[in-house]
2 protein chains.
Amino acid sequence: MAVTLADVAARARVSAATVSRVLSGNYPVAESTRNRVLRAVDELEYVVNGPASALAAATSDLVGVLVNDIADPFFGIIAGAVQAEMVTPAGESGRGGEKLAVICNTGGSPERELNYLTLLQRQRAAAVVLTGGAVEHPDHAAAVATKASRLAASGTRVVLCGRPPIEDATTLTFDNRGGARRLTEHLLTLGHRRVGYVAGPAERTTTRHRLEGHRAALAAAGADQEAERLTVHGLYDRASGYDATLELLRRDRSLTAIVAANDTIALGVCAALRDQGLRIPEDVSVAGFDDLPFSADAVPALTTMRLPLHEAGARAGRLALGREPQPPGGVAMVRAELMARASTAPPRG
Amino acid sequence: MAVTLADVAARARVSAATVSRVLSGNYPVAESTRNRVLRAVDELEYVVNGPASALAAATSDLVGVLVNDIADPFFGIIAGAVQAEMVTPAGESGRGGEKLAVICNTGGSPERELNYLTLLQRQRAAAVVLTGGAVEHPDHAAAVATKASRLAASGTRVVLCGRPPIEDATTLTFDNRGGARRLTEHLLTLGHRRVGYVAGPAERTTTRHRLEGHRAALAAAGADQEAERLTVHGLYDRASGYDATLELLRRDRSLTAIVAANDTIALGVCAALRDQGLRIPEDVSVAGFDDLPFSADAVPALTTMRLPLHEAGARAGRLALGREPQPPGGVAMVRAELMARASTAPPRG
DNA sequence: TCGCCTGGGGTAAGCGCTTGCTGGGGAGGA
DNA sequence: TCCTCCCCAGCAAGCGCTTACCCCAGGCGA
């Protein structure tokens, strides 16, 4: 039914082997023969049978990218960057070569994460990129580590982007702790002492690290007496930021700054403050994390820690393809940069 | 090296055929045999070889989802919803059955769109979902139509979500024209007469349809004398909205409302107006389109046309899996709903 | 002139799984 | 008791491609 290699071979009056070699281009073929084959391919509109070639060659051109939430630009940016690395470098005719980046949305669910990992293993994916914070439940962590080893053992490259290192995987960690610490230091330097914190879901590494950085800064300044009481956990979304802010204000109406675990939450924080009649930054300063595109022109522009998500994603993509050398020890840290903008200012009085 | 069907068969003391049948569950197997096989599968941690089974069965469990920009929540929401439909309905043990939704980011580029289509054809994808507006260049439209037919011919289901129907594909179109018209009518009803419009890229169907709806409303109210001059094209992003707004104000400082082609642009519009010292909605009303999550709690809350993106994506997913009957004629229209919020109000005076 | 090398191309053996067909044996009917 | 019939399992033929291996025909040095 479908056009096969054999059909092309027949039309080009060569053997199937020759056609295969022309298409994969890893074997000397005489110019004239090559042209004949290529013409036949075009005329027949032949498209390689992926599964068949994957089976025979024991490799596939699939690369999996796991994200917690594609609807969140944080992941969208990383995933987009990874995928952009997969396209054939300009000039190549598009014949073979390019990989297919598969973006898989786990929705933050550990089961689905494992499920996708299995699916990708089944597809004999060439590589898998795990993005975003990991869930910290020990069972799950072990399960993921096991899967990762198994994938690595079967030749699938495993790359982590934005989560703590594990064995058998190349890792790009984000400096969440250090970044969070610098961010809170910025607030302390401005003179704030009563700083609220809206954290993400408790069981995520990203959440914990950012919170730890925040606490470390407070502790170093001796301003951590009430840190516990001024921390509220929620999801990494706007609504959580809104609700958490109301809760924080309920607990302590006198706080002069709120740090959010990420920019999306920060937007919710701003909305809640505004609804409570508080001005930003005159009454309360607000800071986020990630520096997503919308943060720069929120009103007021959001102070945040910039994470080079696009660059990190691109690098993860290259690592997945083996186009970039491993960092020493298989682990590289991506730094966050303070973007001090209009949403933070010295407290009143 | 890797565990194969044969290994499992040997351990369970049955033939490979039996193992295969147990795993796919489409053939009667005695209870005791089944258990023996399942145990062997677990003990050996066997994972099916996807390519091999795809080759033998001439079907694959890949479903492609093409989006213009994953970093844009519009697409993120649709893609996430499609993918969520792929998971096995609760209760099933996860053995076989589930599809792998592959999200492919075209970046709006026609070449990459075709490229991905070829890649998916090569993988013998079970289905392909094309989301978002189509590029209107006739050559490209023809190329896509051809590819779509070829895919359909080779058994791949083709589903369109948010673009105009083409042959051989099931389509979920968005009522962009009608929605845009109702939105502008809302503004006209409020009393606005000088309404600016920030459109998307000129060659997109979505752009054209929304603009046409807008113009139709103006024309019906006899308010379209300057429509041409009060329209500025840009990309579907914030920066374009910002720049376009400055341009609109330059052309006519007296306009009392600006309609943006989508919510993201609208946010840029708001930022620009604010920077120009204009209040929303007192001085200028602003309206968007799509009703993305952030729109409801922007400041002021954005008036916009709600498109049920999640529902549409989910339905597209079900259509792709053949789990939902085709709509009559293969085409269904998804309506937009007016969400009148705080960013629009009667003009002053 | 002859043997040898080498570039170019064919042959065929799988890759791991699915599935149509075959076959063995127990249960039930005659 | 013998014969059907049915239920389950095995056999084996591919699915379309890759690649190790073999072979042939020139070209070249001796």
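A quick note: this is a predicted structure, and the numbers were derived from the prediction, not measured.

The interface of chain B with chain A comprises 39 residues on the first partner and 40 residues on the second. Among the elements of the structure, helix 4 (50-57), helix 5 (73-86), strand 2 (100-105), helix 6 (110-122), helix 11 (263-275) and helix 12 (293-296) of chain B are those that each provide at least two residues to the side of chain B that touches chain A. Considering every element that reaches the side of chain B that touches chain A, the biggest residue donor is helix 5 of chain B, with 6 residues.

Turning to the protein's contact with DNA strand C, a few remarks are in order. The local shell around DNA strand C holds 28 residues, among which Leu5, Ala17, Ser20, Ser53 and Ala56 of chain B are the closest. Of all elements in the fold, only helix 2 (16-24) and helix 4 (50-57) of chain A together with helix 1 (5-12), helix 2 (16-24) and helix 4 of chain B reach the threshold of two or more residues within the surface near DNA strand C. Ranked by residues supplied to the surface near DNA strand C, first place goes to helix 2 of chain B with 6 residues. Here the surface near DNA strand C is built from residues that sort into 19 nonpolar, 8 polar and 1 charged.

Glancing now at the sheet that holds strand 2 (residues 100-105) of chain A. Residues and elements named next belong to chain A. Taken together, 6 strands build an open sheet; the order of strands is 2-1-3-4-5-11 and the sheet is parallel. Among the strands making up the open sheet, the edge pair consists of strand 2 and strand 11 (331-334). Across the sheet, the mean angle separating the axes of adjacent strands is 15° when strand polarity is ignored. One ladder, built from 4 bridges, connects strand 5 (residues 170-174) with strand 11; its direction is parallel. Note that in strand 11 the partner of Thr171 across the bridge is Val331.

Residues Val299 of chain A and Pro300 of chain A are joined by a peptide bond in cis, for which omega reads -5°. Following Ile280 of chain B, the chain continues to Pro281 of chain B via a peptide bond in cis, the omega torsion being 0°. A positive phi angle is found at Arg13 of chain A, which is not glycine, with a value near 60°. The phi dihedral of Glu45 of chain B falls on the positive side, at around 55°, and the residue is not glycine.

Looking now at the environment of Leu211 of chain B. Residues and elements named next belong to chain B. Note on placement: Leu211 falls in helix 9 (residues 205-220). Through-space distance from the C-alpha of Leu211 to that of Thr231 is 8.9 Å; in sequence the pair is 20 residues apart. Apart from residues lying up to four places away in sequence, Leu211 is in contact with Tyr197, Ala199 and Thr231.

Here the focus is the protein's contact with DNA strand D. Neighbouring DNA strand D are 28 residues; Leu5, Ala17, Ser20 and Ser53 of chain A together with Thr33 of chain B lie closest to it. In terms of residue count, the dominant contributor to the surface near DNA strand D is helix 2 of chain A (6 residues). Considered class by class, the residues forming the surface near DNA strand D number 19 nonpolar, 8 polar and 1 charged.

In the superposition of chain B on chain A (RMSD 0.1 Å, axial shift 0.0 Å), the rotation amounts to 180°. Here the symmetry operator amounts to a two-fold rotation axis. Taken together, the interface assignments show that 100% of the residues at the interface of chain B recur at the interface of chain A, consistent with an identical surface on both copies.

The next point concerns helix 10 (residues 238-251) of chain A. Between its terminal C-alpha atoms helix 10 of chain A stretches 20 Å, which fits the 20 Å expected from 14 residues at 1.5 Å a residue. For helix 10 of chain A, the set of buried residues is Arg238, Ser240, Gly241, Tyr242, Ala244, Thr245 and Leu248 of chain A. Next to the buried residues of helix 10 of chain A lie strand 6 (195-199), strand 7 (231-233), strand 8 (257-260) and helix 11 (263-275) of chain A together with helix 12 of chain B.

Parameters and conventions
- Residues numbered from 1 in each chain as written.
- Chains lettered and ligands numbered in written order.
- Predicted model: local features only at pLDDT ≥ 70, side-chain atom pairs only at ≥ 80, totals over all residues.
- Contact = placed C-beta atoms within 7 Å.
- Helix = DSSP H or I, 4+ residues; strand = E, 2+ residues; numbered from the N terminus.
- Near = placed C-beta within 6 Å.
- Nonpolar A, V, L, I, M, F, W, Y, C, P; charged D, E, K, R; others polar.
- Pairing = 2+ DSSP bridges.
- Axes fitted to C-alpha atoms, helices over the stretch in contact; angles between N-to-C directions.
- Least-squares fit on C-alpha atoms with pLDDT ≥ 70 in both.
- Expected span 1.5 Å × (residues − 1).
- Buried ≥ 20, exposed ≤ 12 C-beta atoms within 10 Å, placed from the backbone.

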